[in-house]
Amino acid sequence: MEINKVTNAYKWSTITEAVAKLITPITNMVLARILVPEMFGIVATIDMVISFMDIFTDAGFQKYIIQHEYDNVIDKNKQINVAFTSNLFLSLLLWWGVFIKRIQLSSMVGAQGLEKALVVAAISLPINSFSSMQIAYYRREFKFKGLFYVRIIGLLIPVIITIPLAIIQKNYWSIIIGTLAGNIANALFLSIQSEWKPKLYFEISIFIKMFKYSFWILIESIIVWFSSYIGIL
């Protein structure tokens, strides 16, 4: 039974990556012909800030959920809900911080005048808190077929929303709006299809236990972030 689950997961994971490698380059080539290079630079700078904050909202809990062995279903749901609640609270707090310090933050990363775009893009932080734990749950249960549909939604959003907006507006807003639409679609699809439903629940002892396990994962994520974005910085 376990062999069948692993084989099925490998099959859907391979299909997902194959489809992504076909659609993503085509989409990027189309956008490159519509938007000037400066627009991609603006989006990359904003993405740099959001992705850094996203590291702390997740805090390594996603890997904890995938790898940890639980006593029973109740224990598993409790810990996933603590991770979700922590993720949601931190993401809302960080979004509020972006809103309050938007001018200073934009100036710090060399994106003066893009305060509004940064605030709007940061809305993805609380949205992603709904899909992040769901993705971990799907991976833990080897439900890669469901993740395949999520990835397809993410690949089709640029075709349906981003490219038409880029043709009309010819600016970075088309990419930001398309990204938000994709995040919302993913969160809705995962929440509707999943057996686990997000629930606000917090227990300090569970949080400390999870954070102790995830601390070095968090440090690793920060190092990976720096290696990926040092050029943009």
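Structural notes, computed from the coordinates. Everything numeric here is computed off the predicted structure, so don't read it as measured data.

### A few points about the overall build of the chain
Right, so step 1: When helices and strands are counted, the chain shows 10 helices and zero strands.
Right, so step 2: Secondary structure elements in the chain, listed N-terminal to C-terminal, are α-α-α-α-α-α-α-α-α-α.
Right, so step 3: On C-alpha atoms alone, the chain measures out to a radius of gyration of 19 Å, which is about the 17 Å that the 2.2 N^0.38 rule sets for 233 residues.
Right, so step 4: Taken over 233 residues, the chain has a buried fraction of 44%.
Right, so step 5: Counting contacts in the chain only where the partners sit at least 6 residues apart, residues at least 24 apart contribute 84% of the total.

### Section: helix α4 (residues 73–100)
Right, so step 1: The terminal C-alpha atoms of α4, which comprises 28 residues, lie 40 Å apart, in line with the 40 Å expected from a rise of 1.5 Å per residue.
Right, so step 2: Where α4 begins, one side-chain oxygen reaches toward the backbone nitrogen of Ile74, 3.1 Å away; that side chain belongs to Asn72.

### With respect to the packing of helix α2 (residues 37–58) against helix α10 (residues 204–229)
Right, so step 1: Put simply, α2 and α10 touch, their axes get as near as 9 Å, and they point 170° apart. One finds that α2 runs roughly antiparallel with respect to α10. Facing Ala44, Asp47, Met48, Ser51, Phe52, Ile55 and Phe56 of α2, the residues of α10 in contact are Leu218, Ser221, Ile222, Trp225 and Tyr229.
Right, so step 2: Taken together, the residues of the contact of α2 with α10 break down into nine nonpolar, two polar and one charged.

### Remarks on the environment of Leu180
Right, so step 1: Relative to the helices and strands, Leu180 resides in helix α9 (residues 173–193).
Right, so step 2: The exposure class assigned to Leu180 is buried, which follows from its relative accessible area of 13%.
Right, so step 3: Linking Leu180 and Ser107, residues 73 residues apart in sequence, is a C-alpha distance of 23 Å.
Right, so step 4: Sequence-distant contacts of Leu180, defined by excluding residues within four places in its chain, comprise Val120, Ala121, Ile123, Ser124 and Ile127.

### Some thoughts on the packing of aromatic side chains
Right, so step 1: Summed over the entire model, instances satisfying the criterion amount to 14 aromatic pairs.
Right, so step 2: Relative to Phe226, the ring of Phe52 has its centre 6.4 Å away and its plane inclined at 70°; by these criteria the two rings are edge-to-face. Of this pair, Phe52 sits in helix α2 while Phe226 sits in helix α10, and the two are 174 residues apart along the sequence.
Right, so step 3: Given the relative accessible area of 39%, Phe226 is considered partly exposed.
Right, so step 4: Where Trp225 meets Phe226, the ring centres are 4.9 Å apart and the plane angle is 85°; that geometry is what we call edge-to-face.
Right, so step 5: Judged by its relative accessible area of 9%, Trp225 falls in the buried class.
Right, so step 6: An aromatic cluster is defined as three or more aromatic residues linked by ring pairs; in this entry it consists of Phe61, Phe202, Phe207, Phe211, Phe215 and Trp216.
Right, so step 7: Over the ring of Phe99 we find Arg102; its NZ or CZ atom is 4.7 Å from the centre of that ring.

### Digging into the environment of Gln112
Right, so step 1: Structurally, Gln112 can be placed in the loop between α5 (102–108) and α6 (115–121).
Right, so step 2: A residue is classified by how much of its surface remains accessible, and Gln112, at 53% relative accessible area, is exposed.
Right, so step 3: Note: C-alpha distance between Gln112 and Arg102 (10 residues apart in sequence) is 9.6 Å.
Right, so step 4: Other than its neighbours up to four places away in sequence, Gln112 contacts Ser106 and Ser107.

### What about the packing of α4 against α10?
Right, so step 1: It is the contact of α4 with α10, at a shortest axis distance of 10 Å, that shows an interaxial angle of 85°. Classified by the angle their axes make, α4 and α10 are roughly perpendicular. Contacts between α4 and α10 involve Lys78, Gln79, Val82, Ala83 and Ser86 from the former and Ile206, Phe207, Lys209 and Met210 from the latter.
Right, so step 2: Class assignment for the residues of the contact of α4 with α10 results in five nonpolar, two polar and two charged.

### Structural notes on a nonpolar patch on the surface
Right, so step 1: A surface patch of nonpolar side chains, about 270 Å² in accessible area, is lined by Ile26, Met29 and Val30.
Right, so step 2: Positionally, Val30 belongs in helix α1 (residues 2–34).
Right, so step 3: The partly exposed category is assigned to Val30, whose relative accessible area is 32%.

Criteria and thresholds
Residues numbered from 1 in each chain as written. Predicted model: local features only at pLDDT ≥ 70, side-chain atom pairs only at ≥ 80, totals over all residues. Heavy atoms only, no water. Helix = DSSP H or I, 4+ residues; strand = E, 2+ residues; numbered from the N terminus. Rg over C-alpha atoms; globule rule 2.2 N^0.38 Å. Buried < 20%, exposed > 50% of the residue type's maximum accessible area, 1.4 Å probe, protein only. Contact = heavy atoms within 4.5 Å. Expected span 1.5 Å × (residues − 1). Polar contact = N/O pair within 3.5 Å; in protein donor to acceptor, adjacent residues only side chain to side chain. Axes fitted to C-alpha atoms, helices over the stretch in contact; angles between N-to-C directions. Parallel < 35°, antiparallel > 145°, perpendicular 65-115°, else oblique. Nonpolar A, V, L, I, M, F, W, Y, C, P; charged D, E, K, R; others polar. Phe/Tyr/Trp six-rings, centres within 6.5 Å; stacked < 30°, edge-to-face > 60°. Lys NZ or Arg CZ within 6 Å of the ring centre and 35° of its normal. Patch = residues over 30% accessible without salt bridge, like charges linked within 9 Å, V, L, I, M, F, W, Y side chains within 5 Å. Areas by Shrake-Rupley, 256 points an atom, 1.4 Å probe, with all protein chains shown as cover. Salt bridge = Lys/Arg side-chain N within 4 Å of Asp/Glu carboxyl O.

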